[in-house]
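# What the coordinates show
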Amino acid sequence: MFRTPDLLYRVLAIAEAITWTILIGAIIARAVGAPGVVVTVGGGIHGFIFLSYAATAILVALNQRWHVGVGVLAVASAVVPYATIPMEIWLHRTGRLTGAWRLAATEDPRDRRWYDRLMRWFLQRPWVLAVLLVVGIVALYVILLLIGPPGGK
């Protein structure tokens, strides 16, 4: 389904923006009298997609060999409502999303780094990678729920 990094990144960037709409709509609904649970549900959906987007941005950043600053900016763009969309457009226009998944080593010395080898191993086994990411995201999501919502209760 996600044969290229740009497609995976685009889907998660758009999903993250959509969940901002859900969360903002829930906050407005609560302000005009809806029960507070709408924010809990909207916030939960947004939080899960936020974590999924961040994991995707990190995976794509490693695959595309972005500078650390670009990767940090991609993850940080999720903090500002709807900023993942212009971020995706900028990454696309600057060619940072161009290319395929790096499944095989090349002559590039960076392909010898331990994390590049590990990434290739996982990319060659997409179901293992997907399960690992989902389990990791769910575990982090549960831990964050136990800590409490942003800003306290």
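Above this text you will find the structure in question.
The paragraphs below set out a description of the structure included in this document. (Residues numbered from 1 in each chain as written. Predicted model: local features only at pLDDT ≥ 70, side-chain atom pairs only at ≥ 80, totals over all residues. Heavy atoms only, no water.)

## Re the packing of aromatic side chains
Per the stated rule, a full pass over the model turns up 5 aromatic pairs. A ring pair is formed by tryptophan 114 and tyrosine 115, whose centres lie 5.6 Å apart and whose planes are at 90°; its orientation type is edge-to-face. By relative accessible area, which is 31% here, tyrosine 115 ends up partly exposed. An angle of 90° between the planes, with centres 5.0 Å apart, marks the rings of tryptophan 121 and phenylalanine 122 as edge-to-face. A relative accessible area of 40% means that tryptophan 121 is categorised as partly exposed. In textbook terms, an aromatic cluster arises when at least three aromatic residues are bridged by ring pairs, as seen for Tyr9, Tyr53 and Trp66. (Phe/Tyr/Trp six-rings, centres within 6.5 Å; stacked < 30°, edge-to-face > 60°. Buried < 20%, exposed > 50% of the residue type's maximum accessible area, 1.4 Å probe, protein only.)

## Structural notes on helix 5 (residues 114-123)
All of the buried residues along helix 5 are Asp116, Met119, Arg120, Phe122 and Leu123. Each buried residue of helix 5 lies within a common arc of 165° when the element is viewed along its axis, so the set occupies one face. Those residues of helix 5 that are buried are in contact with helix 2 (37-64) and helix 6 (126-147). (Helix = DSSP H or I, 4+ residues; strand = E, 2+ residues; numbered from the N terminus. Arc of directions from axis to C-beta. Contact = heavy atoms within 4.5 Å.)

## Comments concerning unusual backbone geometry
In this model, arginine 65 sits at a positive phi of 60°, which is unusual for a non-glycine residue. Within the secondary structure layout, arginine 65 lies in the loop between helix 2 and helix 3 (68-76). A relative accessible area of 22% places arginine 65 in the partly exposed class. Look at tyrosine 82: it is not a glycine, yet its phi comes out positive at around 70°. For tyrosine 82, the location among the structural elements is in the loop between helix 3 and helix 4 (84-93). Residue class for tyrosine 82 comes out partly exposed when judged on its relative accessible area of 36%.

## Overview of a nonpolar patch on the surface
On the surface, Ile14, Ile18, Ile22, Val37, Val41 and Ile45 cluster together into a nonpolar patch covering about 480 Å² of accessible area. Inspection of the secondary structure puts isoleucine 22 in helix 1 (residues 5-31). (Patch = residues over 30% accessible without salt bridge, like charges linked within 9 Å, V, L, I, M, F, W, Y side chains within 5 Å. Areas by Shrake-Rupley, 256 points an atom, 1.4 Å probe, with all protein chains shown as cover. Salt bridge = Lys/Arg side-chain N within 4 Å of Asp/Glu carboxyl O.)

## Looking at the environment of leucine 97
Along the chain, leucine 97 falls in the loop between helix 4 and helix 5. Taking the C-alpha atoms as reference, leucine 97 lies 6.9 Å from glutamine 64; in sequence the two are 33 residues apart. Apart from residues no more than four positions distant in its own chain, leucine 97 is found in contact with Asp6, Tyr9, Val60, Gln64, Trp66, Glu88, Leu91 and His92.

## Focus on the pattern of salt bridges
Applying the stated criterion across every chain yields a total of 8 salt bridges. Of the charged contacts, one joins aspartate 116 and arginine 102 as a salt bridge, the two residues approaching to 2.8 Å between their closest N and O atoms. Residue aspartate 116 is found in helix 5, and its partner arginine 102 is found in the loop between helix 4 and helix 5; the two are separated by 14 residues along the sequence. For arginine 102, a relative accessible area of 13% corresponds to the buried category. Arginine 113 is the salt-bridge partner of aspartate 116, the closest N and O atoms lying 2.9 Å from each other. What you see here is one network of salt bridges that share partners, running through Arg65, Arg102, Asp108, Arg110, Asp111, Arg113, Asp116 and Arg120.

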